[in-house]
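# Analysis of the macromolecular model
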Amino acid sequence: MSAGVVGPPAAAASSSRPPHRLSDRVRAERKLAFYLVAPAVIVMIAVTAYPIIATIVLSLQKASLDEPGKNTFIGLDNYGYVFTAHLFWMDLIHTAVITVVSVSIELVLGMLLALAMHRVIFARGLLRSIALVPYAIVAVVAAYAWQYSWSLDNGGWIPRLLGLSGDPLSHQFGTYVAIIFTEVWKNTPYMALLLLAGLSLVPDELLEAAKVDGASAWQRFTKITLPLMKPAILVALLFRTLDAFRIFDVIYIFSQGANNTATLSQLSYSTLLERLNLGLGSAVSVVLFLIVGLIAFVFIKGFGAAANPGIETN
Amino acid sequence: MRRVGAVLGGLAIAVALAACGSSGKGPVTVNWYVFPEPSGSFAKAAADCSAASGGKYKIAINFLSNASDQQRQTLVQRLAAGDPSIDILAMDVDWTAEFASAGWIRPWTGANAAAASKGVLPGPLKTATYNGRLWAAPINSNTEILWYRKDLVPTPPKTWGQMIDDAIKLAKEGKPHYIEEQGAKYEGLVVWFNSLVDSAGGGIIGPNGKVIVGPSTKVAAQIMKRLATTAAADPGLNTSQEGPGNNVFDAGNAAFEINYPFVWSGTQSTAPSIFKHMGYAPFPAVVPGTSPKVSIGGYNLGVSSHSQHPQLAFDAVKCLIAPQNQIRDAVKGGLAPVLASIYDEPSFEKAYPFHALIKAQLQDYGIRPQTPAYQDVTLAIQDTLQPASAIDPNNIVSKLRDEIKTALKGDSLL
Amino acid sequence: MSVKARQRSGWSLAFVVVIVASLVPVFWLLMLSLKTPASATDGSFIPHHWTLDNYRDIFNQSVFTAALRNSIGIGLIATTLAVLLASSAAYAIARLDFPHKQTILAVALMVTLFPQVSLVGPLYNLWRQIGLFNTWLGLIIPYLTFALPLAIFVLSTFFREIPWELEQAAQIDGATPFQAFTKVIAPLAMPGLATTFIIVFLICWNDFVFAISLTATNAAMTVPAAIAQFPGVSQFTQPIGDIAAAAIVVTIPVMVLVLLFQRRIVAGLTAGAVKG
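Since this is a predicted model, take the numbers as computed values, not measurements.

## What to know about the overall build of chain B
Secondary structure summary: chain B contains 18 helices and 11 strands in total. Each principal axis of the C-alpha distribution contributes one length, and for chain B these read about 110 × 50 × 30 Å. In chain B, which comprises 414 residues, the share counted as buried stands at 56%. With an accessible surface of roughly 16,200 Å², chain B has 57% of that area assigned to carbon and sulfur atoms. Seen as two clouds, the 35 positive and the 33 negative side-chain charges of chain B have centres 7 Å apart.

Okay, here's the thing in structure tokens:
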């Protein structure tokens, strides 16, 4: 789970262009800043850069844990195998389907939940606390809870409730539904929080004025609230989409990718640590990383989602 | 002078005592990692062998997961990381080549090898061998035979063709008629396929590692497809594994079942009314008149290359596979023994009325390809053959050959 | 019914729906954890036969207690390291002016969105060669990859809200810089630090991918990985009762934390835009 934050305000970016000659004070401030920031940045880059670079290097080799010490350089061949593999494209489609469907549902439900959290005054704290439970629960626990609820073999209550005769988890569609359901349950609160931030910024006076003018609730929502929330919605979509695309825990617990529900993360993990094929598995990892970067790029440049949606703090 | 002598004498005694004390530290713990054997027979074997070692070692039994895949996963992760706390590991028979080639287990040589292979049936012994050397000590084996409903089928079929015909006939008569086989996308499917191919006189990978997929594959594929597309097939064939398949038989809906000996005591306790009519016969042949070669399963005990006490580990294994332990494993735990002599033991014969069938299939055996890339090969086979109803016998040979060749090179995503 | 009353009952209904939906799976796990192994799969919501055996079971096995120890220890250490390093960086970002500030924040944000699975391969490969496989340090280092940037991001948001002028005001009133810092600024910073600590700790507590790839035994395996690898009682059944009991034990403290700190957590995750 990611707990990224709706962006910090774009304040404190005072100088747009450094003056020709920096004053002593500015220089001292920058020096202090450097010493304060450097340790964190260095550690951050060190712990992330090594694995990233090593993954890229491994992806260019034929490397297997079955034959340690016999790595050979083969250039981009692994990528060729990945992109020509039927399984890769199928898993990509699975990942995309799960991402799109679950994020869409989360958006709608999250918006409703955000509205509820915003409007409800009575026991507001209680509502928010309970609504946050799915967010705070360990992903593995959530996965087991829902798997035991959906699986007929394990005595789940959902198949009985729906009057199903077969085990939903024994075929692809049923497993998809259960996985998406779990994802939506787990992440709607987080989506709701991100949307709530944007909701809080819609000025009440505007809505009151519109009500006085005779606008219906629906009109007020679509013509005032939504447009003003656009930056928050985009940020929420960005975070949730990137999160959903990396889905791993839930799939692993539900099915380990059986029933044709494997995702790219699952594919990468199984190639690396079950088939012990480090070269090929690293190539899949790099491709996954690039796709995630691409999605972020599309959101930021294409839809204008900003890490700093200009939210002011009072 | 005398006092100096006394002090020196006292010192000498003290040093001697200290030396004795340090060598009598207590038995060394030898860690045995194995699947969770439910009857407790393995645990008893470990305790008995520890006691019999005269204080030299104590076998600590550690249980892995139920599922073979997960067992391998856990072991591989730790062996590849050089974990020194694994001494003895229970290896599924198809892991031998991979583990040996990767250098994770020690070879058995000289007296150890002689002790581990003495009296062992040819099939199990072959599974523990790779490239002419012995890499593990067989502890138990497994093979599938035909179980059938005596009340529906007076004489058991001798070939697959016959069995499917019998099932279709029963279907027409409106009687229970399913043939339970393992058709899910997992190792059980490969066991089915490999048994058919070996029984048809062919093979998948030859002794020199070359892919020898040929006409026997087509024959095997045709049988699988025929089973999957006629009335003989259980609609749940594509997700059927050993346990669920037996449940269908216990429920009375199947006439035939290809499965392991565990079903005998299983059906006896769960479905006595069905058990009354339960008969057993050899695995059906593929070529009429030629006895089948059924792919054997089971476990072998290996000694880790990173073990800190290899000699003690070898000794412990030699005790764990001793006849008295194997007999108890068989009678209490339902695990078929690997020693030929046990098949003549009265207590074993009583618990295993079909013991002659099992022994014959372990002597004239089929075996899955022994290659270090077996993990990839089995995934490639599962990919190509599942679901069985979608097999196209006309292009299966070339398709499988290509898939396995790619898998052997390690270039495919599976 | 009047419009106002209808609206109110509408939102109350929503209230109930949210509460039920959020708690149903937790309730189901609780029920499962109290069922006997024989009745675990009978599908009834309320157990016919109650038992506390599952809880006794998991605490008797060393697997779970060791996993708890590992999760708490590794989580605390990783979070403390991350918050310490992040505090100085966040202080600079919030108080000082220097170039590339937004870049650093953007980079930190991007790093948190990195697919962890992509890091697992080379980490496992390196750890097994230098002996960090299955060790606390072997998990703490990868945890920093997401804990540190997240802490930087959340802390800098909190620190931005601190009215730093108060420090100067205190000094004008005669306090030494040290007094001004400890008596004025530090108390204002504590809520932000505490919230960041909680949020980051929850993320570390949650990790699954790194735990299953880089640990294997009681020495370092954390709770999520241990639950997923509970040895089965027999060859064919899943230890549902044990898993459910472990899940409840792990979830209760988390739920308590959330209940107590709901307001702060919401504030932290929404950059303080939402008031409790």
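## Regarding the overall build of chain C
Across its full length, chain C carries 11 helices and 0 strands. On the principal axes, the C-alpha backbone points of chain C span a range of 75 × 70 × 35 Å. Going through the 276 residues of chain C one by one, you find that 57% of them count as buried. In chain C, 71% of the contacts between residues at least 6 apart in sequence involve partners at least 24 apart. In the structure as shown, chain C presents an accessible area of about 11,000 Å², 69% of it carried by carbon and sulfur atoms. In chain C, the 14 positive side-chain charges and the 10 negative ones have mean positions that sit 8 Å from each other.

## Some details on the interface of chain A and chain C
Contact residues are listed per partner, giving 101 residues for chain A and 96 residues for chain C. For the chain A and chain C pair, buried surface summed over both sides reaches about 8,700 Å², with 75% attributable to carbon and sulfur atoms. Here chain A and chain C share 0 salt bridges between them. By residue number, the principal contributor to the side of chain A that touches chain C is helix 1 (residues 24–59) of chain A, which donates 19 residues. Its residues assigned to classes, the side of chain A that touches chain C comprises 71 nonpolar, 20 polar and 10 charged.

## A short note on the sheet that holds strand 2 (residues 57–63) of chain B
Residue and element names in this part refer to chain B. Pairing within the open sheet is mixed, and its 5 strands lie in the order 2-1-3-11-6. Across the chains shown, the open sheet's two edge strands, defined by having one partner strand only, are strand 2 and strand 6 (137–142). The average undirected angle you get between the axes of adjacent strands in this sheet is 20°. As judged from the 5 bridges shared by strand 6 and strand 11 (residues 297–303), these two strands associate in the antiparallel manner. Within strand 11, the position partnered with S141 by the bridge is G298.

## Looking at the state of the cysteines
Residue and element names in this part refer to chain B. Taken as a whole and assessed by the stated rule, the structure comprises 1 disulfide over all chains. Covalently, C49 is tied to C319 through a disulfide, its sulfur atoms 2.0 Å apart. The disulfide joining C49 to C319 has a torsion of about -90° about its S-S bond and is therefore left-handed. Highlighted residues: C49 in helix 2 (residues 41–52) and C319 in helix 13 (residues 310–320), separated in sequence by 270 residues. Across this residue pair, the class does not change: C49 and C319 are buried.

## Considering the environment of A:L288
If you trace the backbone, A:L288 turns up in helix 12 (residues 278–302). Each C-alpha atom of the pair A:L288 and A:L87 lies 14 Å from the other, and the pair is 201 residues apart in sequence. Ignoring any residue separated from it by four or fewer positions in sequence, one finds A:L288 in contact with A:F245, A:L264, A:S265, C:P115, C:V117 and C:S118.

## A word on the packing of helix 11 (residues 264–274) of chain A against helix 12 of chain A
All names here are of chain A. Their axes nearest at 7 Å, the elements helix 11 and helix 12 cross at an angle of 160°. Regarding the angle of helix 11 to helix 12, the classification is roughly antiparallel. Between helix 11 and helix 12 lies a crossing of left-handed hand. In this structure, helix 11 contributes L264, S265, L267, S268, T271 and L272 to the contact, and helix 12 contributes L278, L280, G281, S282, V284, S285, L288 and I291.

## Comments concerning the pattern of salt bridges
On inspection of all chains with the given rule, the structure shows 21 salt bridges over all chains. A salt bridge links A:R275 to B:D376, with the shortest nitrogen-to-oxygen separation between them at 2.6 Å. You can see A:R275 sitting in the loop between helix 11 and helix 12 and its partner B:D376 sitting in helix 17 (residues 374–385), one on each of two chains. B:D376 sits in the buried class, given a relative accessible area of 8%.

## Concerning a nonpolar patch on the surface
Where nonpolar side chains cluster on the molecular surface, the patch consists of A:I93, A:V97, A:V101, A:I105, A:V108, A:L109 and A:L112 and spans about 560 Å² of accessible area. Along the chain, the position of A:I105 falls in helix 3 (residues 86–119).

## Section: the sheet that holds strand 9 (residues 254–259) of chain B
Strands in a sheet are paired, the pairing made by backbone hydrogen bonds, and the direction either parallel or antiparallel. All names here are of chain B. As summarised here, the arrangement of the 4 strands in space is 8-9-7-10, forming an open sheet in which the pairing is mixed. Across the chains shown, the open sheet's two edge strands, defined by having one partner strand only, are strand 8 (178–180) and strand 10 (278–281). Between one strand axis and the next, the sheet turns by 20° as a mean value, whatever way the strands run.

## Some words on the side chain of B:S307
Residues and elements named next belong to chain B. In this structure, S307 sits in the loop between strand 11 and helix 13. Looking at S307, the relative accessible area reads 5%, which means it is buried. Beyond its immediate chain neighbours, meaning those up to four positions away, S307 contacts P84, I86, D87 and R106.

## A few points about the packing of aromatic side chains
Residues and elements named next belong to chain B. In this structure the tally under the stated criterion is 42 aromatic pairs over all chains. Note on W264 and Y280: the rings are 5.5 Å apart at their centroids and 75° apart in plane angle, and the pair reads as edge-to-face. Separated by 16 residues along the polypeptide, W264 in helix 11 (residues 262–270) and Y280 in strand 10 bring together distant segments of the chain. Y280 sits in the partly exposed class, given a relative accessible area of 30%.

## Thoughts on the side chain of B:R78
Here B:R78 is to be found in helix 3 (residues 68–80). Discounting chain neighbours no more than four positions away, the residues touching B:R78 are B:Y33, B:D83, B:S85, B:I86, C:F133, C:A216 and C:T217.

## Notes on the environment of B:E144
All names here are of chain B. Inspection of the secondary structure puts E144 in the loop between strand 6 and strand 7 (145–149). A C-alpha to C-alpha distance of 20 Å links E144 and S216, two positions 72 residues apart in sequence. Once you skip the residues sitting within four places of it in the chain, E144 turns out to touch Q182, V191, I258, N259, Y260, F283, V294 and Q361. Within the local environment of E144, its side chain forms a polar contact with the side chain of Q182, the two groups lying 3.5 Å apart.

## A short note on a positive patch on the surface
On the surface, A:R119, A:K211, C:K4 and C:R8 cluster together into a positively charged patch. Its place among the elements puts A:R119 in helix 3. Of the residues examined, A:R119 reaches a relative accessible area of 41% and is grouped as partly exposed.

## Describing the packing of helix 4 (residues 124–136) of chain A against helix 11 (residues 240–269) of chain C
Two elements in contact, helix 4 of chain A and helix 11 of chain C, have axes whose closest approach is 8 Å; the angle formed by their N-to-C orientations is 100°. Between helix 4 of chain A and helix 11 of chain C, the angle falls in the class roughly perpendicular. Taking contact as the criterion, the partners of A:G125, A:R128, A:S129, A:L132, A:V133, A:Y135 and A:A136 in helix 4 of chain A are, on helix 11 of chain C, C:V254, C:M255, C:V258, C:L259, C:Q262, C:I265, C:V266 and C:L269. Grouping the amino acids of the contact of helix 4 of chain A with helix 11 of chain C by side-chain chemistry returns 11 nonpolar, 3 polar and 1 charged.

## Considerations on the confidence of the model for chain C
Counting all residues, the mean pLDDT for chain C is 83, and 92% of those residues have values of 70 or more. As a predicted assembly, this complex carries a pTM of 0.83 together with an ipTM value of 0.83.

## Some details on the confidence of the model for chain B
All names here are of chain B. Per-residue confidence for chain B averages 88 on the pLDDT scale, and 94% of its residues sit at or above 70. When pLDDT is averaged over each helix and strand of chain B, the minimum, 53, is found for helix 1 (residues 2–23) and the maximum, 96, for strand 3 (residues 88–92). Counting contacts from residues 18–23, a segment whose pLDDT is below 50, to residues more than four positions away or on other chains yields 0 contacts.

## A closer look at helix 9 (residues 215–229) of chain B
End to end, helix 9 of chain B covers 21 Å across 15 residues, agreeing with the expected 21 Å (1.5 Å per residue, within 8%). Next to the buried residues of helix 9 of chain B lie helix 7 (160–172), strand 8, helix 8 (187–199), helix 17 and helix 18 (396–409) of chain B.

## Remarks on unusual backbone geometry
Omega for the bond connecting B:Q386 with B:P387 falls within 30 degrees of zero, at -5°, which places this linkage in the cis form. Mapped onto the secondary structure, B:P387 falls in the loop between helix 17 and helix 18. The backbone of C:H100 shows a phi angle near 70°, a positive value even though the residue is not glycine. Mapped onto the secondary structure, C:H100 falls in the loop between helix 3 (62–95) and helix 4 (101–112). You can call C:H100 exposed: its relative accessible area is 58%. Located in the positive-phi region is C:N134, a residue other than glycine, with phi close to 65°. Along the chain, C:N134 turns up in the loop between helix 5 (117–130) and helix 6 (136–160).

Reading the values: the criteria
- Residues numbered from 1 in each chain as written.
- Chains lettered and ligands numbered in written order.
- Predicted model: local features only at pLDDT ≥ 70, side-chain atom pairs only at ≥ 80, totals over all residues.
- Heavy atoms only, no water.
- Helix = DSSP H or I, 4+ residues; strand = E, 2+ residues; numbered from the N terminus.
- Buried < 20%, exposed > 50% of the residue type's maximum accessible area, 1.4 Å probe, protein only.
- Areas by Shrake-Rupley, 256 points an atom, 1.4 Å probe, with all protein chains shown as cover.
- Lys, Arg positive; Asp, Glu negative; His and termini not counted.
- Charge placed at Lys NZ, Arg CZ, Asp CG, Glu CD.
- Contact = heavy atoms within 4.5 Å.
- Buried area = accessible area lost by both parts, 1.4 Å probe.
- Salt bridge = Lys/Arg side-chain N within 4 Å of Asp/Glu carboxyl O.
- Nonpolar A, V, L, I, M, F, W, Y, C, P; charged D, E, K, R; others polar.
- Pairing = 2+ DSSP bridges.
- Axes fitted to C-alpha atoms, helices over the stretch in contact; angles between N-to-C directions.
- Disulfide = S-S within 2.5 Å.
- Parallel < 35°, antiparallel > 145°, perpendicular 65-115°, else oblique.
- Left-handed = near helix turned anticlockwise from the far one by under 90°.
- Patch = residues over 30% accessible without salt bridge, like charges linked within 9 Å, V, L, I, M, F, W, Y side chains within 5 Å.
- Phe/Tyr/Trp six-rings, centres within 6.5 Å; stacked < 30°, edge-to-face > 60°.
- Polar contact = N/O pair within 3.5 Å; in protein donor to acceptor, adjacent residues only side chain to side chain.
- pLDDT = per-residue confidence, 0-100.
- Expected span 1.5 Å × (residues − 1).

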